[in-house]
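Understanding the architecture of this molecule
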Amino acid sequence: MRRTLVVLGGADGSLGVYLRARELGYHTICVDVRPNAPGAAVADEYLQLSVRAPERIDAALGERADIVGVLCPASDVGLPTQAWLERRWNLPSPLPEAAVAASVDKPVFRAVCERAGVPTYRSATASSIPELLDAARHMRFPALVKPVDSSGSRGVVSCANPGKLASAVAESLEFSFSGRVVVEEHLDGRHLTIEALVVDGEIAFHAVTARTITPPPLFVTTAHEMPVDLPGKTADALPGMLAAVAAELRYRNGPLTFDAVLQRDDELYLIEVGARMGGNGIAEVVRHCHGVDLMAATMSLAVGEVPVLDPHPPVPALVHILASDRAGLLAEIDGLAEVRAMPEVKDLHLFVTEGSFVRPYEQAGYKLGYVVLSAESTSALWSVENAVRGTLKFRLDTGNASPAANDVAVPKP
């Protein structure tokens, strides 16, 4: 019988999952309200429904006998629906409610960290500006204001001092589905992402990326690099931290993705969690760096099978986000064939075509695409990254006389 995976969301972060599922012999159904979503174009079937509507998805698909698993790889928004459908359809290892709650509500995750005994920091949350101003009056500034339920850096606002908090909260509230924001002390240090795979309640694998982000006020990811050399004490403590959090979430099988900050004193703070794989091509980077196929492993666990994990010594790898520094119509893409021919280029995905309207890279969803690179050394890796940026040109139609003047400036990590 055909084995079908229902994939909640067709955003650019999910594209690799659809392609890998096809390679592994799965049939896929993309659930997304947007017919032009990248995932809808490559899935075997498309269902035009919101990922926030589990009952409607069940009504459309619940009688099918070929559905063996549900995935939500692109964002946390569909995780409550994934959990609901897994229980409704009696699928293996449904997402525990504790893991869903921590993924979609940042203050819930802060409480999880406190109970798990991992390092934490001060934060405050409320649904009104006066309440939040009162709750945050004893916090240190600068601070970050975030919607409690958004991802992809949407609605994250830097706040330099208490006098600017009211306007920062008002701006951030516009991006919150639930109408709540959180104010967190800003942690100054190295930004990391941690990918973990939980099998039978144990941390079977974990990997760390060095995450490069745009400067304030946007904080949008521009690159992930592996491997990362953590301080010895931090590296030794990390598996126990992840295991403690997974236990607190009652999470026994599946991927976890964490945003983290390593401070100058080598203290590691877990900032956010998602009971899913990370986006922005991280799974591809993990595969090329460590030899572990997170996408295949996640699918195996979703259908009740034991994943195959056979890591090898790390090989330098990174993902570089392709993006624009301004808006306009994309008139031309130059250098694509040359970049694809570079032996260090392992994956290249574009989410725009000539004629597309391009936005400045202020949110993760505004990327033009991404390229995954791997090389024999870190220096060679960054050398080819520089060559990619110098070769691949996105030209916007702005009416300037000189074509070169219309080249967008792709953010440099």
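This text goes with the structure placed above it.
Residues numbered from 1 in each chain as written. Predicted model: local features only at pLDDT ≥ 70, side-chain atom pairs only at ≥ 80, totals over all residues. Heavy atoms only, no water.

1. Observations regarding the environment of valine 285
Looking at the secondary structure, you find valine 285 in helix α10 (residues 282–290). By relative accessible area, valine 285 is classed as buried at 0%. If near-sequence neighbours (up to four positions away) are discounted, valine 285 is found in contact with Met226, Ala317, Leu318, Val319 and Val372. (Helix = DSSP H or I, 4+ residues; strand = E, 2+ residues; numbered from the N terminus. Buried < 20%, exposed > 50% of the residue type's maximum accessible area, 1.4 Å probe, protein only. Contact = heavy atoms within 4.5 Å.)

2. Some details on the state of the cysteines
Following the criterion strictly, the structure yields zero disulfides and no others. With no disulfide of its own, cysteine 30 lies closest to cysteine 72 among cysteine sulfurs, the gap being 11 Å. (Disulfide = S-S within 2.5 Å.)

3. Some details on the sheet that holds strand β19 (residues 393–397)
Spatial strand order, β17-β15-β19: three strands in an open sheet with antiparallel pairing. Of all the strands in the sheet, just β17 (357–358) and β19 have a single pairing partner and so form its edges. Taken together, the two bridges between strand β15 (residues 328–334) and β17 define a ladder with antiparallel strand orientation. Bridging across to β17, glycine 328 finds its partner in valine 358. (Pairing = 2+ DSSP bridges.)

4. Quick look at the side chain of aspartate 58
The residue aspartate 58 is located in helix α3 (residues 54–61) in this model. Among the polar contacts made by the side chain of aspartate 58, one reaches the side chain of tryptophan 89 at a distance of 2.7 Å. Discounting residues that sit within four places of it in the chain, aspartate 58 has contacts with Trp84, Leu85, Arg88 and Trp89. (Polar contact = N/O pair within 3.5 Å; in protein donor to acceptor, adjacent residues only side chain to side chain.)

5. With respect to the environment of arginine 140
Considering the arrangement of structural elements, one finds arginine 140 in the loop between α7 (129–135) and β6 (143–147). Residue arginine 140 is classed as exposed on the basis of its relative accessible area of 54%. Considering only alpha carbons, one finds arginine 140 and alanine 160, 20 residues apart in sequence, at a separation of 9.9 Å. Discounting residues that sit within four places of it in the chain, arginine 140 has contacts with Arg122 and Glu185.

6. Quick notes on the packing of aromatic side chains
Within the structure shown, the criterion is met by three aromatic pairs. For the pair tyrosine 121 and tyrosine 269, a centre-to-centre distance of 5.9 Å together with 75 degrees between the ring planes defines the contact as edge-to-face. In this pair, tyrosine 121 sits in the loop between α6 (106–116) and β5 (123–126) while tyrosine 269 sits in strand β13 (residues 268–274), placing the two residues 148 residues apart along the sequence. We note that tyrosine 121, like tyrosine 269, is buried. A cation over a ring is seen here: arginine 52 above phenylalanine 177, with NZ or CZ 3.7 Å from the ring centre. (Phe/Tyr/Trp six-rings, centres within 6.5 Å; stacked < 30°, edge-to-face > 60°. Lys NZ or Arg CZ within 6 Å of the ring centre and 35° of its normal.)

7. Concerning the packing of α6 against helix α9 (residues 232–248)
Here α6 crosses α9 at 115 degrees, and the two axes come no closer than 9 Å. Our pair here, α6 against α9, has a crossing hand that is right-handed. In this structure, α6 uses Phe109, Val112, Arg115 and Ala116 to contact α9, whose residues at the interface are Ala244, Val245 and Glu248. The residue inventory of the contact of α6 with α9, partitioned by class, reads five nonpolar, no polar and two charged. (Axes fitted to C-alpha atoms, helices over the stretch in contact; angles between N-to-C directions. Left-handed = near helix turned anticlockwise from the far one by under 90°. Nonpolar A, V, L, I, M, F, W, Y, C, P; charged D, E, K, R; others polar.)

8. Observations regarding α10
Most of α10 is tucked away: eight of the nine residues are buried. Restricting attention to buried positions, one finds in α10 the residues Ile282, Ala283, Glu284, Val285, Val286, His288, Cys289 and His290. The first or second residue beyond α10 is glycine 291, which carries a positive phi of 80 degrees.

9. Quick word on the sheet that holds strand β3 (residues 45–47)
Overall, parallel pairing links the four strands, which are arranged β3-β2-β1-β4 in an open sheet. With one partner strand each, in any of the chains shown, β3 and β4 (67–71) form the two edges of the open sheet. Across the sheet, the axes of successive neighbouring strands diverge by a mean angle of 25 degrees, strand direction being ignored. Examined bridge by bridge, strand β1 (residues 4–8) and strand β2 (residues 27–31) share five bridges and lie parallel to one another. Within the sheet, the bridge partner assigned to valine 6 lies in β2 and is isoleucine 29. Sitting on the sheet, helix α1 (residues 15–23) is in contact with β1, β2 and β4, with an inclination near 160 degrees to β2. Together, β1 and β4 form the strand contacts of helix α4 (residues 79–88), whose direction differs from that of β4 by roughly 160 degrees.

10. With respect to unusual backbone geometry
Cis geometry marks the peptide bond from phenylalanine 141 to proline 142; its omega dihedral reads 10 degrees. The topology assignment puts proline 142 in the loop between α7 and β6. Methionine 226 connects to proline 227 through a cis peptide bond whose omega is -5 degrees. Mapped onto the secondary structure, proline 227 falls in the loop between β11 (221–226) and α9.

11. Structural notes on the pattern of salt bridges
In total, this model carries 23 salt bridges according to the counting rule given. Across the pair aspartate 32 and arginine 34 runs a salt bridge whose closest N-O atoms are separated by 3.0 Å. Using a relative accessible area of 36% as the deciding quantity, one classes arginine 34 as partly exposed. Of the charged contacts, one joins arginine 395 and aspartate 334 as a salt bridge, the two residues approaching to 2.0 Å between their closest N and O atoms. In this pair, arginine 395 is assigned in strand β19 and aspartate 334 in strand β15, connecting sequence segments 61 residues apart. Its relative accessible area of 17% is what places arginine 395 among the buried residues. Taken together, the shared-partner salt bridges in this structure form one network comprising Arg2, Glu45, Arg64 and Asp66. (Salt bridge = Lys/Arg side-chain N within 4 Å of Asp/Glu carboxyl O.)

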